[in-house]
Amino acid sequence: MPIGQAKFGLLGGVADLGKLELIHTENASAVSYVDFLESAGTFDTSYNVHFMTLNITDLSSSAYLGTRFYESGVLESASVYQEAYFTINSAGSTSEIKSTARDRIIITQSNQSGTAPNLYIYFYNLGDSAKYSFVTSHSNGEKFPDSSYNTYFGSGVLPQTSTVDGIRILPQSGNITGTISLYGIAES
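Computed from a predicted model, the values in this text were never measured in an experiment. (Residues numbered from 1 in each chain as written. Predicted model: local features only at pLDDT ≥ 70, side-chain atom pairs only at ≥ 80, totals over all residues. Heavy atoms only, no water.)

Caption draft 1: Quick peek at the overall build of the protein chain. Scanning the protein chain from terminus to terminus reveals one helix and 13 strands. Moving toward the C terminus, one meets the helices and strands of the protein chain in the order α-β-β-β-β-β-β-β-β-β-β-β-β-β. The burial tally for the protein chain puts 42% of its 188 residues in the buried class. Expressed as a percentage of contacts within the protein chain between residues at least 6 apart in sequence, the contacts between residues at least 24 apart total 73%. (Helix = DSSP H or I, 4+ residues; strand = E, 2+ residues; numbered from the N terminus. Buried < 20%, exposed > 50% of the residue type's maximum accessible area, 1.4 Å probe, protein only. Contact = heavy atoms within 4.5 Å.)

If you want it as structure tokens, here you go:
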């Protein structure tokens with residue numbers, strides 16, 4: 001039996017690929033932030049990874065969306081987050097940004113107020129007080145000033161060990177409108 005077929009159970013076996021569980025969906029309407037807070041094991045270590053989808057229908061007066069973490073119930077808003085991201089523009093330009101002292105992790109960059117970026121984010125090590133919590137993200141949307149299409153790939157970390165028990169999604173300024181869903185990925 002070829003290894004690929006054995007790995008995915010294509011010849012009669014059943015592969016255990018884990019399970020994706022919807023934790024919570026938030027329908028935001030012109031709000032300055034959206035919080036996902038600990039409730040009944042939301043951020044405990046039974047989930048290997050957390051996954052979030054954002055379908056933003058309006059990002060008013062803002063150049064980007066970011067995320068911050070709650071540590072033991074306290075929102076970390078100091079310039080302690082580290083990040084790196086890369087954007088690719090349909091007009092042919094690219095850019096790379098790195099920071100070791102930001103007050104949030106940038107998860108999308110649109111630079112065009114009133115646009116509707118869509119993105120997904122993976123969160124790692126939330127709830128594990130022995131490890132750093134970090135994110136990876138991918139988004140797309142319009143880019144100011146030429147309204148060309150762009151895509152964004154990024155990663156960020158809270159470089160301190162702590163128990164992360166909440167996530168805040170917030171724009172640089174202004175409000176956001178859209179649907180944000182948080183999932184947990186666990187072994188079956």
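Caption draft 2: View of the pairing of strand S7 (residues 94-102). Here strand S6 (residues 81-89) runs beside S7; their pairing, made up of seven bridges, is antiparallel. Residue pairing for S7: tyrosine 85 is matched across the bridge by isoleucine 97. Where S6 hands over to S7, the hairpin turn is made up of four residues, of which glycine 92 adopts a positive phi near 105 degrees. (Pairing = 2+ DSSP bridges.)

Caption draft 3: Region of the structure containing the side chain of threonine 87. In this fold, threonine 87 is placed in strand S6. Owing to a relative accessible area of 3%, threonine 87 belongs among the buried residues under this scheme. There is a polar contact of 2.5 Å between the side chain of threonine 87 and the side chain of serine 95. (Polar contact = N/O pair within 3.5 Å; in protein donor to acceptor, adjacent residues only side chain to side chain.)

Caption draft 4: A look at the packing of aromatic side chains. Evaluated as defined, the whole model comprises nine aromatic pairs. Seen in terms of ring centroids, tyrosine 120 and tyrosine 122 are 6.0 Å apart; in terms of plane orientation they differ by 85 degrees. Their pairing is edge-to-face. Assessed through its relative accessible area of 27%, tyrosine 122 is described here as partly exposed. Measuring from ring centre to ring centre gives 6.4 Å for tyrosine 122 and tyrosine 124, while their planes differ by 25 degrees; the resulting arrangement is stacked. Residue tyrosine 124 is classed as partly exposed on the basis of its relative accessible area of 22%. Linked through ring pairs, Phe51, Tyr120, Tyr122, Tyr124, Phe134 and Tyr183 together constitute an aromatic cluster. (Phe/Tyr/Trp six-rings, centres within 6.5 Å; stacked < 30°, edge-to-face > 60°.)

Caption draft 5: Structural detail: the pattern of salt bridges. Applying the stated criterion to the full structure yields six salt bridges. Put simply, lysine 98 and glutamate 96 hold a salt bridge, and the shortest N to O gap is 3.7 Å. Side by side, lysine 98 and glutamate 96 carry an identical accessibility label, which is exposed. In this structure, the salt-bridge partner of arginine 104 is aspartate 103, at a minimum N-O distance of 3.1 Å. Judged by relative accessible area, aspartate 103 falls into the partly exposed class, the value being 22%. By sharing partners, the salt bridges in this structure join Arg68, Asp103 and Arg104 into a single network. (Salt bridge = Lys/Arg side-chain N within 4 Å of Asp/Glu carboxyl O.)

Caption draft 6: Structural detail: unusual backbone geometry. Of note in this structure, alanine 30 is not a glycine but carries a positive phi near 55 degrees. Along the polypeptide, alanine 30 turns up in strand S1 (residues 19-31). Unusually for a residue other than glycine, serine 72 sits at a positive phi of about 50 degrees. The residue serine 72 is located in the loop between strand S4 (64-71) and strand S5 (74-75) in this model. Overall, serine 72 belongs to the exposed group, its relative accessible area being 57%.

From the geometry alone we can't say anything about function, so treat these as descriptive.
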